[in-house]
Amino acid sequence: MKDDRIDALLTEARRSPPQPPADLMARVLAEGLAMQPAMSGADGPVARRTTTPKAVTRPGLGLWARWSGGFLAGLGGSGVFASLGVVAAVSLVFGYADPTGLAGELMSQADGGYEIVPVAGPFLDGVDE
Amino acid sequence: MQTARDWGGDVGEAGVADEALLALYAAGDPAAARLIAERFLPRAYATALRLLGPDRAEAEDIAQEAMLRLWRAAPGWRAGEARVSTWLYRVVANLVIDRQRARGRRGDAAALDEVEEPSDGQPGALARMIEGERQEALEQALAALPARQRQAVVLRHLEGLSNPEVADVMGIGIEAVESLTARGKRALAALLFGQREALGYEGD
């Protein structure tokens, strides 16, 4: 078949492209609106995303990022490690400092051992009066 | 706020440049989402359909996925880095390739001899029917081309991109685009040769 026939066919096809169905347009627009950042105020746009985006792995981290991410998620997230860090630091302080004073306030020695003195006792006594 | 022209890029029918539309969308302008969908979804859908063949459901999936990626990319879009339309065509082309690879399909369109011959009718109706048959035959012939030739012909001749733009989308040189489109058109002519009488091309 002649080249000009092919060109004419292609030109005609270009003039009348297939149109997306209305329901596809509606779905795409709904997604776009759901993912659109809210109107920007003084502090810039505020996300109003209602759908969960696919997880994005930062380039260069590869398997380690996925493994560590899963590990952290399994333990309850990276916040758990922050809390553990605080506890460890406080423990170190108590271990380094002389804990005698603390023990004197909260515990009393009896029969060669320590027993716990209810700290709330005096307050509860006051309520009773 | 900057005007649409300040952002550069393609200016659509609404008079707002593509990049400006993305910036308006990112700023929360509710009208921008509709304009973006109306401007880009038809291109994404038509390209996906023409690259995939007659599977409209698959073309819808790919067009929707491509638009989803555009919504995601819009807030971080950097002006001047890439043309929005080129970026979208590349996404669609890659999604089509992925889909075809996943299904192990290679341009398995329906046979050209399945195109029905036009029936008798009024001259105007007959002309429209013949035109419809021609377009259907063209779609099937396109689907029968090797993937790269089909991609080059669709982008160059049906989507109207320039050779450098097609080269950018396909990640190849301009000479390679010219070669692919030329071979693609020759292949189309060969594929449609057997249908020339049914399609009203007598004497070719």
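Residues numbered from 1 in each chain as written. Chains lettered and ligands numbered in written order. Predicted model: local features only at pLDDT ≥ 70, side-chain atom pairs only at ≥ 80, totals over all residues. Heavy atoms only, no water.

S.K.: Please provide a residue-by-residue account of the overall build of chain A, values included.
M.R.: Regarding its fold elements, chain A presents six helices and four strands. Starting at the N terminus and ending at the C terminus, chain A contains elements arranged as α-α-β-β-α-α-α-β-β-α. Of all 129 residues assigned to chain A, the portion counted as buried reaches 16%. Element-wise, carbon and sulfur atoms account for 64% of the exposed surface of chain A, whose accessible area totals about 9,800 Å². (Helix = DSSP H or I, 4+ residues; strand = E, 2+ residues; numbered from the N terminus. Buried < 20%, exposed > 50% of the residue type's maximum accessible area, 1.4 Å probe, protein only. Areas by Shrake-Rupley, 256 points an atom, 1.4 Å probe, with all protein chains shown as cover.)

S.K.: Let's hear about the overall build of chain B: which residues, and what values?
M.R.: Secondary structure assignment for chain B yields nine helices and zero strands. N-terminal to C-terminal, the α/β element order of chain B is α-α-α-α-α-α-α-α-α. The buried share of chain B, reckoned over its 204 residues, is 49%. Relative to all contacts within chain B whose residues are 6 or more apart in sequence, the contacts with residues 24 or more apart total 60%. (Contact = heavy atoms within 4.5 Å.)

S.K.: Any chance you could break down the interface of chain A and chain B for me, citing the residues and the numbers?
M.R.: Across the contact, 33 residues belong to chain A and 43 residues belong to chain B. Contact between chain A and chain B buries roughly 3,600 Å² in total, counting both sides, with carbon and sulfur atoms accounting for 65%. Across the contact surface, chain A and chain B share two salt bridges. Here A:Arg27 makes a salt bridge to B:Glu60, at a shortest N to O gap of 3.2 Å. For the interface between chain A and chain B, the tally reads 10 residue pairs in polar contact (both at pLDDT 80 or more). Secondary-structure elements contributing two or more residues to the side of chain A that touches chain B are helix H1 (3-15), helix H2 (22-35) and strand E1 (38-41) of chain A. If you tally residues by element for the side of chain A that touches chain B, the top one is H2(A), at nine residues. Classifying every residue of the side of chain A that touches chain B by side-chain character gives 20 nonpolar, five polar and eight charged. (Buried area = accessible area lost by both parts, 1.4 Å probe. Salt bridge = Lys/Arg side-chain N within 4 Å of Asp/Glu carboxyl O. Polar contact = N/O pair within 3.5 Å; in protein donor to acceptor, adjacent residues only side chain to side chain. Nonpolar A, V, L, I, M, F, W, Y, C, P; charged D, E, K, R; others polar.)

S.K.: Explain the nonpolar core to me, and be specific about the residues and the numbers.
M.R.: Grouped burial of nonpolar side chains is what soluble globular proteins tend to show. Residues and elements named next belong to chain B. Counting 55 residues, the largest nonpolar core has Tyr25, Ile36, Met67, Leu70, Trp71, Leu142 and Leu188 as its most contacted members. In terms of residue count, the dominant contributor to this core is helix H3 (residues 30-52) (12 residues). Apart from the residues lying within four places of it in its own chain, the contact partners of leucine 70 are Leu22, Ile36, Phe40, Val84 and Trp87. Core analysis: the next-biggest nonpolar cluster, separate from the first, contains 10 residues, Leu155, Leu161, Ala167 and Met170 among them. (Core = buried A, V, L, I, M, F, W, Y, C linked by side-chain atoms within 4.5 Å.)

S.K.: Tell me about the packing of aromatic side chains, and please be specific about residues and values.
M.R.: All names here are of chain B. Under the definition given, this model contains two aromatic pairs over all chains. On the basis of an interplanar angle of 35° and a centroid distance of 5.0 Å, the ring pair of tyrosine 25 and tryptophan 71 is categorised as tilted. Highlighted residues: tyrosine 25 in helix H2 (residues 18-26) and tryptophan 71 in helix H4 (residues 56-73), separated in sequence by 46 residues. Of the residues examined, tyrosine 25 reaches a relative accessible area of 0% and is grouped as buried. Judged by its relative accessible area of 1%, tryptophan 71 is buried. Consider the rings of tryptophan 77 and tryptophan 87, whose centres lie 5.5 Å apart with planes at 85°: the pair is edge-to-face. (Phe/Tyr/Trp six-rings, centres within 6.5 Å; stacked < 30°, edge-to-face > 60°.)

S.K.: Describe helix H8 (residues 163-170) of chain B, with residues and values.
M.R.: Residue and element names in this part refer to chain B. Burial analysis of H8 places six of its eight residues in the buried class, which makes it a mostly covered element. Buried residues belonging to H8 abut helix H5 (84-103), helix H7 (147-158) and helix H9 (174-193). Following H8 by one or two positions, glycine 171 adopts a phi angle in the positive range, close to 70°.

S.K.: Would you mind going over the confidence of the model for chain B in detail, with residue names and values included?
M.R.: All names here are of chain B. With 75% of its residues at a pLDDT of at least 70, chain B reaches an overall mean of 82. Here helix H1 (residues 4-7) is the element of chain B with the lowest mean pLDDT, 41, and H4 is the one with the highest, 96. Contacts for the low-pLDDT stretch residues 106-123, under 50 throughout, to residues beyond four places or in other chains number 29 contacts. Scoring of the predicted complex yields 0.62 for pTM and 0.77 for ipTM. (pLDDT = per-residue confidence, 0-100.)

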